[in-house]
Amino acid sequence: MKMAFLFILNLLGIGIYANVVEVCKNCQYQTIQEGYQASIECDTILIKNDEFVIDNWLIEKSLTIIGENGAHLIAKDGGEIITIATNHVNIIGLKFSGVTTNYLKENAAIRVKHSKHFLIENNQITDCFFAIYLEKAKSGTISNNLIDGNASTEAESGNGIHAWSCDFLTIQSNEVLHHRDGIYLEFVNNSDVIKNHSHHNTRYGLHYMFSNDDTYVSNVIEKNGVGVAVMFSRRITMKHNTFANNWGHAAYGLLLKEIYDAEITDNNFLENTIGIFVEGSNRINYLNNNFRRNGWAIKFSGGCEANVISNNNFLYNSIDLVVASKLNDNTFENNYWSDYTGYDLDKNGIGDVPYYPVKLFSYIHQQAPETVVLMRSLFVEIINYAEKVSPVFTPKDIMDPKPKMNIIL
Amino acid sequence: MLKILKFSFYEMIRSRWVFIYTLFYLVATMAFLLLSNDLSKVLISMTNITLILTPLIGILFGTIYYYNSKEFIQLLMAQALSRWSIFTGMYLGMALALCLSVLVGIGIPFLFYGIMGSPDLTIYLLLITMGCVLSIIFSLIAFIIAISCDDEVKGLSISIFVWLFFAIIYDGAFMLLILGFKDYPLDKFTISMLVLNPIDLARILILMKLDMSAMMGYTGAVLTKFLGRGMGMVLVSASLMMWMIIPFWRLFALGKKKDF
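So, how was this worked out
- Residues numbered from 1 in each chain as written.
- Chains lettered and ligands numbered in written order.
- Predicted model: local features only at pLDDT ≥ 70, side-chain atom pairs only at ≥ 80, totals over all residues.
- Heavy atoms only, no water.
- Helix = DSSP H or I, 4+ residues; strand = E, 2+ residues; numbered from the N terminus.
- Rg over C-alpha atoms; globule rule 2.2 N^0.38 Å.
- Phe/Tyr/Trp six-rings, centres within 6.5 Å; stacked < 30°, edge-to-face > 60°.
- Disulfide = S-S within 2.5 Å.
- Buried < 20%, exposed > 50% of the residue type's maximum accessible area, 1.4 Å probe, protein only.
- Patch = residues over 30% accessible without salt bridge, like charges linked within 9 Å, V, L, I, M, F, W, Y side chains within 5 Å.
- Areas by Shrake-Rupley, 256 points an atom, 1.4 Å probe, with all protein chains shown as cover.
- Salt bridge = Lys/Arg side-chain N within 4 Å of Asp/Glu carboxyl O.
- Pairing = 2+ DSSP bridges.
- Axes fitted to C-alpha atoms, helices over the stretch in contact; angles between N-to-C directions.
- Parallel < 35°, antiparallel > 145°, perpendicular 65-115°, else oblique.
- Left-handed = near helix turned anticlockwise from the far one by under 90°.
- Contact = heavy atoms within 4.5 Å.
- Nonpolar A, V, L, I, M, F, W, Y, C, P; charged D, E, K, R; others polar.
- Core = buried A, V, L, I, M, F, W, Y, C linked by side-chain atoms within 4.5 Å.

Caption draft 1: Up close: the overall build of chain B. Per the secondary structure count, chain B includes twelve helices and zero strands. Listing the helices and strands of chain B from first to last along the sequence gives α-α-α-α-α-α-α-α-α-α-α-α. Its C-alpha radius of gyration of 20 Å places chain B within 12% of the 18 Å reference for a compact globule of 260 residues. Taking the principal axes of its C-alpha atoms as reference, chain B extends roughly 60 × 45 × 30 Å.

Caption draft 2: Looking closely at the packing of aromatic side chains. Residue and element names in this part refer to chain B. Applying the stated criterion to the full structure yields 35 aromatic pairs over all chains. Seen in terms of ring centroids, Tyr21 and Phe61 are 5.9 Å apart; in terms of plane orientation they differ by 65°. Their pairing is edge-to-face. A residue pair is termed long-range when its members are at least 10 positions apart, and Tyr21 in helix H2 (residues 16–35) and Phe61 in helix H3 (residues 39–68) qualify at 40 residues. For the ring pair Tyr66 and Phe143, a centre distance of 5.6 Å and an interplane angle of 70° mean the geometry is edge-to-face. Placement of the pair is Tyr66 in helix H3 and Phe143 in helix H6 (residues 121–148), with a sequence separation of 77 residues.

Caption draft 3: Expanded view of the state of the cysteines. As enumerated under the stated definition, the model contains one disulfide over all chains in all. Between A:Cys24 and A:Cys27 runs a disulfide, and the two sulfur atoms are separated by 1.9 Å. Because the torsion about its S-S bond is 95°, the bridge between A:Cys24 and A:Cys27 counts as right-handed. A:Cys27 matches A:Cys24 in its accessibility class, with the two residues each being buried. Unpaired in terms of disulfides, B:Cys132 finds its nearest cysteine sulfur in B:Cys99, a separation of 4.2 Å.

Caption draft 4: Inspection of a nonpolar patch on the surface at higher detail. There is a patch of nonpolar side chains on the surface, built from B:Trp17, B:Phe19, B:Ile20, B:Leu23 and B:Val27 and spanning about 530 Å² of accessible area. Its place among the elements puts B:Phe19 in helix H2.

Caption draft 5: Quick peek at the sheet that holds strand S34 (residues 296–300) of chain A. Residues and elements named next belong to chain A. Pairing within the open sheet is parallel, and its twelve strands lie in the order S4-S7-S10-S13-S16-S19-S22-S25-S28-S31-S34-S37. Pairing within the sheet leaves two strands with one partner each, and these edge strands are strand S4 (57–59) and strand S37 (319–323). On average, each strand axis in the sheet is inclined to that of its neighbour by 10°, with strand direction left out of account. Sheet topology places strand S28 (residues 252–260) next to strand S31 (residues 274–279); five bridges connect them, and they run parallel.

Caption draft 6: Broad picture of the environment of B:Leu100. Residues and elements named next belong to chain B. When you line up the elements, Leu100 lands in helix H5 (residues 83–112). Residue Leu100 is classed as partly exposed on the basis of its relative accessible area, which comes to 38%. The sequence separation of Leu100 and Leu126 amounts to 26 residues, and the corresponding C-alpha distance is 15 Å.

Caption draft 7: Expanded view of the packing of H5(B) against helix H12 (residues 231–257) of chain B. Residue and element names in this part refer to chain B. Where H5 contacts H12, the axes come no closer than 9 Å and their chain directions differ by 130°. Taken as axis vectors, H5 and H12 run oblique relative to one another. Considering the relative orientation of H5 and H12, their crossing is right-handed. Every residue of H12 that contacts H5 at Arg83, Trp84, Phe87, Thr88 and Tyr91 is listed here: Phe248, Leu251, Phe252, Gly255, Lys256 and Lys257. Its residues placed into classes, the contact of H5 with H12 shows six nonpolar, two polar and three charged.

Caption draft 8: Expanded view of the nonpolar core. Residue and element names in this part refer to chain B. Counting residues in each nonpolar core, the largest one holds 120 residues, and the members touching the most others are Phe110 and Ile141. No other element matches the 19 residues that H6 contributes to this core. Non-local contacts of Ile141, meaning those with residues more than four positions away in its chain, are made with Ile59, Val162, Phe166 and Trp243.

Caption draft 9: Molecular detail of the packing of H6(B) against helix H9 (residues 198–210) of chain B. All names here are of chain B. Contact geometry for H6 and H9: axes closest at 10 Å, N-to-C directions at 175°. Classed by the angle they form, the pair H6 and H9 counts as roughly antiparallel. Counting all contacts with H6, which are made through Thr122, Ile123, Leu126, Leu127, Met130, Leu134, Ile137 and Phe138, the residues of H9 involved are Pro198, Ile199, Ala202, Leu205, Ile206, Lys209 and Leu210.

As structure tokens, then:
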């Protein structure tokens, strides 16, 4: 009986298939609120080429919202634009702008609250305080968005993509610039950050706090205050990323603080002031990375144990390695060091004398940073050589016993 | 003056030692380029070599050349020529020949290895310019030393000592001073120490390109601004100019009064 009823309804064209609700100045529904009122679960709202001023649109139906070319949502009085508060919501191809700074509410262009299976794709979010703000969201995808903020200083600006207490997110192929943190993940587990381009952010390009079991792959992170900061997290996998041109006295390509069991493989570190800054991080594998022309390739602060640094290329860094304390139980092996001057008599591709990556000059430079201007002077080369012949100040146990003779491709 | 310049230039480039000097640069640069195909690495090696060798050769050649052509200078003095044109002509001819050695010896091999299209082009240009500038400055100093001492052995030993001082001793003392006074703000002191040594000036100019990322790691505001764009470059270039102008003026003053 019920089936027959549905069948008749179906014939009449009522209800059970998803409709497309069009919104534009000349359509049946002229404002987005009207269109939203008229839609039911699983409908598509198609927003046509127009500008709409919106005062916090709360979405509580599972809708697909598609913007045609030029559909532009502007925040009324600088408030929020869209809040997603249910599951299965897709937001595609819209333009957002005009969310102003509010430290109390942390206004965002798109806020996702307690929902699952959302998709935010092909949007353009400009001049917003926070762009995308996820709270307790799960299994969502954020992809191909262009997010351009207007951050001036760290304290006065918001994050591009901000996720708090989320699970199973995929953040892919976004471009984020001019925010405080490009992508910020706090208490976010089992998530992937893939192929994003995060640049010119005032603080971090990508920032993990208290997040476990995450992966970030093939991202390009350049010209931020700090490239990527990973703090207080476990089992993070970092692969095929490029960290470039992060310059300044507190600028790192990658900052690791209290990280356990991470994998850092196949990354490129190019011309950062400090390639990787490590503090209190244990059981990390640094494999197959390229460190090219950084000020310092790796700087180990205290409390780093059981790390493996192997098969990396250290190319023309001003200083390869600095250690602040005794490094216990860390392994350097089979790396290529461009400063290595040893020989390989048995022609097995591995140098016959060990390489000591910590030089006297890096020790002196730590004592008095002004000596940076003496880098590459003949005097510095001479004392480095003297120290190499008979080490007094530099740690004897930090060495690569099997340095490679050729660049590892 | 031009005639004397031309004469001394031709005499220099026909000399066996200038030929060997050029050949050394050529062979060294070619060997580095052949051994490692990475332009950055070769540029760094050549920077180290140039910063040591151009001052040394400049000052030694300058001194020896002056002593060798002392009689010729005396002969010229007997002609109706101003002392200014004699000394300037002799000096410029020699300095030009040394610069040519650097340009040919270091410059040409890199051109064959496609430096023009590479991102390291600015470092390369800086490197050969600094090679020439250091040759000019140190051969000037050499002429001054040679004019001041009639004794060849004394002149040569002073030359070698001057090179040793600027290339090594100065930086050693510089470092000790920084370490000794590290509790005080040393920004301005560091900059003034740099300005007083032409080798340091040339080195810092190359470092500004080569190791910029490390330079920016320093926290002092004055030095960071100095090492950053604009101001620092201008100040360093101006200081190098002064290092050429003041000794040149001194050379002329000495030449005018010199009693042969």
